[in-house]
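Spelled out from the first residue to the last, the chains are:
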Amino acid sequence: MQIYLDHSATTPPHPDVVMRMQQIAQNDWGNASSLHQWGDRAALVLETARMQVAQLLNAPDPETIIFTSGGTEADNWALLGITRQYTTPQHLIISAVEHPAIAATADWLATQGWAVTQLPVNGQGQVSPESLEAALCPETVLVSVIYGQSEVGTIQPIQTLTQITQRHGALFHTDAVQGVGHVPIDVQALGVDLLSISAHKFYAPQGVGALYVRPGLELQPLLWGGGQERGWRSGTQAIGLVGGFGVAAELALANLDAEQLRLSQLRDRFFRLLADEPRLQPTGSQQSRLPHHVSFCLPQAPEEVTGRTLVRQLKLASIASSAGSACHGGQANPSPVLQAMGYSKAIARTGIRFSLGRQTIAADIDWTVLVLRQILNRLGVK
Amino acid sequence: MMPYWTDAFGNPASLGHFYGWEAQAAVQQARETIAAAINAQPDEIVFTSGATEANNLAIKGVAEAYLQRGRHLITVMTEHRAVLEPCAYLETLGFKVTYLPVQADGRLELTQLSTAIRADTILVSVMAANNEIGVLQPLAEIGYICRSHQVLFHTDAAQALGKIPLDVEALSVDLMSLTAHKLYGPKGIGALYVRRRQPRVQLAPQLHGGGQEQGRRAGTLYTPQVVGFSVAVQLSLERLESETVQLQQLRDRLWQQLQTLSGVVLNGHPHHRLAGNLNITIADVDGAALLLVLQPTVALSSGSACSQHQPSHVLLALGHSAEQAKASLRFGLGRSNTITQVDHVAQVLIEAVRSLRQNSVYS
């Protein structure tokens with residue numbers, strides 16, 4: 001038996017998504033910019049998907065959805081598309097628990113002279129509205145705070161943060177890659193100016209995502225060329241991936257409430273079964289949390305036991321989990337996210353994440369908990 | 001692609017578990033196949049979302065990395081917009097760009113290139129095969145000139161991969177943009193070849209993040225796309241010679257028949273061009289009206305798919321007027337086209353032109 005509990009890294013494409021991609025590969029493979037029938041058919045696929053994604057986010061207009069090659073490009077574009085409109089460096093605010101696609105882009109901007117403030121988080125990984133209020137200054141042009149944190153599952157008070165930001169005349173972006181498709185996200189209710197989405201976190205393929213751009217917002221392109229996506233993002237659209245993305249968005253919207261409830265119950269079951277286990281300490285907020293996200297650290301572990309040790313042991317038991325986010329998979333460094341939450345360097349190496357999905361059932365959770373306890377015993381964790 | 005849609009869906013960066021491993025092995029194998037296709041090393045291949053991103057990465061990445069050495073770039077007026085637009089963007093940042101003209105046959109004149117290279121030139125970007133007129137540029141000669149001036153040489157080979165032999169060593173190419181969907185692969189995947197040895201090309205990443213592709217391009221790779229790309233490359237290389245002959249025969253047959261019309265001109269060099277490409281200008285006929293009449297019979301275009309509403313900048317560079325450029329047709333023949341189809345298209349086109357001319361103000 002194999003148990004896949006790494007849905008925050010990527011998800012298995014839904015069978016309907018695969019079927020759609022197959023249809024497109026065989027029948028609707030045209031270039032959406034071509035003027036002939038093959039082009040028309042591809043354009044229809046493209047615009048249908050744009051509508052489906054817009055509906056998932058309750059976007060005011062399908063044209064606010066611009067397809068990208070994924071969450072990383074959407075994040076880079078949001079930050080660079082706004083900041084590159086300024087000829088002199090200004091001020092940017094991000095949180096201390098951003099995905100590397102935001103953190104590394106902010107680092108690059110800092111090398112270009114931009115002032116970058118990293119908002120601190122509390123022990124649950126949450127940004128406080130007060131700290132944002134204090135950090136905003138007249139030079140602030142953009143604030144970017146992650147919606148749902150990938151390592152510790154914490155959801156930020158985005159609506160409040162957006163209101164504060166906009167009151168100060170700055171723009172607000174959120175990386176909602178881990179949230180979209182799992183919790184209801186309404187861009188109009190949130191009031192955000194920009195929002196990043198990745199398709200492969202909710203049963204669509206990798207290599208495609210989107211940036212929501214609030215109507216009327218000016219943004220400089222990141223990719224220059226043939227002027228696709230109404231000049232916002234050049235490059236022939238990956239029609240197969242986009243079509244799959246659209247189907248996944250429609251499925252996510254149809255199942256959102258039921259699946260959110262089911263997964264949060266499984267998540268709570270996971271935490272509850274380990275509530276008496278002092279060797280594993282839950283990380284992140286328990287109240288404001290992604291429904292499919294379970295994460296721990298090992299406060300008492302001997303030095304040689306890290307999150308990666310557990311991941312490897314679980315792998316031998318055919319259970320897929322993750323230590324930190326997948327992009328860091330090659331490194332044994334302490335997690336910057338856990339450190340920002342106040343954990344010591346040693347503990348910040350022991351983070352482990354289980355992310356549940358549509359095929360996860362209660363028995364998977366029960367079995368994983370059992371295996372996890374045995375591994376801890378075997379490793380001699382006290 | 002299909003096995004990776006369902007069974008091996010892992011994130012190639014997830015090294016902690018089996019799903020990620022299987023994906024990573026497939027990506028590595030694809031990297032080797034694509035590298036071998038252009039005589040490069042696997043670690044010189046950076047996967048991207050397509051040729052547009054590869055061109056942007058090459059041009060902006062080199063410009064940013066060599067900022068201290070110089071701020072002058074050279075390209076050609078007939079390049080794809082995915083090269084011209086990043087260059088125009090760099091101009092807004094204070095870079096200088098020389099746009100070389102082409103000869104009437106679409107080919108670059110080499111002495112013009114030599115003269116244009118300055119002490120502060122950091123990059124020359126010349127496409128391998130033009131997307132509209134199919135003209136092949138003399139890459140080996142250009143590469144030689146760049147190498148002897150110690151200037152980096154980038155080529156957009158989106159249209160050339162799998163259609164003509166490409167060898168980064170023989171051509172002295174330092175950066176090469178590739179895409180899958182022009183050779184029967186999926187859309188949304190491409191690559192940039194970046195030379196690592198003699199010289200080692202510095203490249204400033206243009207997508208920041210998780211450090212994938214050895215820090216040169218962040219973002220999760222999609223395994224099926226990468227695998228589909230490499231299969232398409234492999235199939236094209238296996239068939240390269242036979243398909244070139246087949247397409248050339250079809251194209252020449254089409255051209256021969258179309259020449260029975262008066263006032264038809266071939267755009268671009270007659271021999272130094274892609275086997276499947278035919279681009280013609282038809283005098284005394286309204287291009288838009290012609291396309292409309294042809295539409296039920298044949299899918300073709302008046303130029304690049306990305307910019308159908310303006311007269312082609314490529315044809316203007318050949319010396320055509322805007323009017324002539326609009327009355328031009330691009331035929332891109334492919335693997336599945338047959339003699340019967342070609343004959344049918346020629347017949348329909350000839351009739352359409354004759355009938356349009358009869359009713360037109362020109363006659």
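Residues numbered from 1 in each chain as written. Chains lettered and ligands numbered in written order. Predicted model: local features only at pLDDT ≥ 70, side-chain atom pairs only at ≥ 80, totals over all residues. Heavy atoms only, no water.

## Things to note about the sheet that holds strand β10 (residues 293–297) of chain A
Each strand in a sheet pairs with another by means of backbone hydrogen bonds, the pair being arranged parallel or else antiparallel. All names here are of chain A. An order of β9-β10-β12 is seen for the three strands of this open sheet, with the pairing classed as antiparallel. Each edge of the open sheet carries a strand with a single partner, namely β9 (281–282) and β12 (352–355). Where β10 lies against β12, four bridges are found, and the strand directions are antiparallel. Its bridge partner being in β12, S295 is matched across the sheet by R353. Relative to the sheet, helix α8 (residues 239–273) contacts β9, β10 and β12, its axis offset from that of β10 by approximately 20°. (Pairing = 2+ DSSP bridges. Helix = DSSP H or I, 4+ residues; strand = E, 2+ residues; numbered from the N terminus. Contact = heavy atoms within 4.5 Å. Axes fitted to C-alpha atoms, helices over the stretch in contact; angles between N-to-C directions.)

## Focus on the sheet that holds strand β8 (residues 264–266) of chain B
Residues and elements named next belong to chain B. Strands sit in the order β8-β9-β10 across an open sheet of three strands; the sheet is antiparallel. The sheet is open, and its two edges are formed by β8 and β10 (328–332), each paired on a single side. Neighbour to neighbour, the strand axes of the sheet diverge by 25° on average, direction disregarded. The sheet contact formed by β8 and strand β9 (residues 277–282) spans three bridges and is antiparallel. Note that in β9 the partner of V265 across the bridge is T281. Contacts from helix α7 (residues 223–258) reach β8, β9 and β10, with the element oriented near 15° to β9. Contacts from helix α11 (residues 339–358) reach β9 and β10, with the element oriented near 15° to β9.

## A short note on the pairing of strand β4 (residues 121–125) of chain B
All names here are of chain B. Counted residue by residue, β4 has five buried out of five residues, so it is predominantly covered. In this sheet, β4 lies alongside strand β2 (residues 72–76) in parallel orientation, the contact comprising three bridges. By the bridge assignment for β4, I74 is matched with V124. Where β4 and strand β5 (residues 152–156) come together, three bridges link them in parallel fashion. Opposite S125, over in β5, you have H154 as the bridge partner. Once the chain exits β4 it traverses helix α6 (residues 139–148) before rejoining the sheet at β5, and the crossover so formed is right-handed. (Buried < 20%, exposed > 50% of the residue type's maximum accessible area, 1.4 Å probe, protein only. Right-handed = clockwise from strand over helix to strand, strands pointing away.)

## A closer look at the interface of chain B and chain A
Taken together, the contact between chain B and chain A spans 51 residues of the former and 61 residues of the latter. At the boundary of chain B with chain A, total buried surface from both sides reaches about 4,500 Å², with 61% on carbon and sulfur atoms. Between chain B and chain A we count zero salt bridges in total. Viewed at the interface, chain A and chain B are joined by 10 residue pairs in polar contact (both at pLDDT 80 or more). (Buried area = accessible area lost by both parts, 1.4 Å probe. Salt bridge = Lys/Arg side-chain N within 4 Å of Asp/Glu carboxyl O. Polar contact = N/O pair within 3.5 Å; in protein donor to acceptor, adjacent residues only side chain to side chain.)

## Some remarks on the domain arrangement of chain A
Residues and elements named next belong to chain A. The assigned domain composition of chain A is domain 1 (3–10 + 256–378) and domain 2 (15–251). The C-alpha centroid of domain 2 is placed 27 Å from the C-alpha centroid of domain 1. Listed as interface residues are 29 residues of domain 1 and, on the opposing side, 29 residues of domain 2. Both faces combined, the contact of domain 1 with domain 2 buries some 2,500 Å², and carbon together with sulfur accounts for 57% of it. Contact with domain 2 buries area across many residues of domain 1, yet L256, L290 and V337 alone supply 23% of it, more than any other trio. Our count for the contact surface shared by domain 1 and domain 2 stands at zero salt bridges. Those elements giving two or more residues to the side of domain 1 that touches domain 2 turn out to be α8, β10 and α10 (336–340). For the side of domain 1 that touches domain 2, the residue count by class is nine nonpolar, 16 polar and four charged. (Domains from an automatic or database assignment. Nonpolar A, V, L, I, M, F, W, Y, C, P; charged D, E, K, R; others polar.)

## Description of the pattern of salt bridges
The tally for this structure, following the rule as stated, stands at 27 salt bridges over all chains. Of the charged contacts, one joins R262(A) and E259(A) as a salt bridge, the two residues approaching to 3.1 Å between their closest N and O atoms. Taken together, the positions of R262(A) and E259(A), both in helix α8 and three residues apart, correspond to about one turn of that helix. A salt bridge links E53(B) to R217(B); its shortest N-O distance comes to 2.7 Å. Here E53(B), found in helix α3 (residues 51–65), pairs with R217(B), found in the loop between β7 (190–194) and α7; they are 164 residues apart in sequence, far enough to count as distant. Members of the salt-bridge network, linked through shared partners, are D276(A), E277(A), R279(A) and R373(A).

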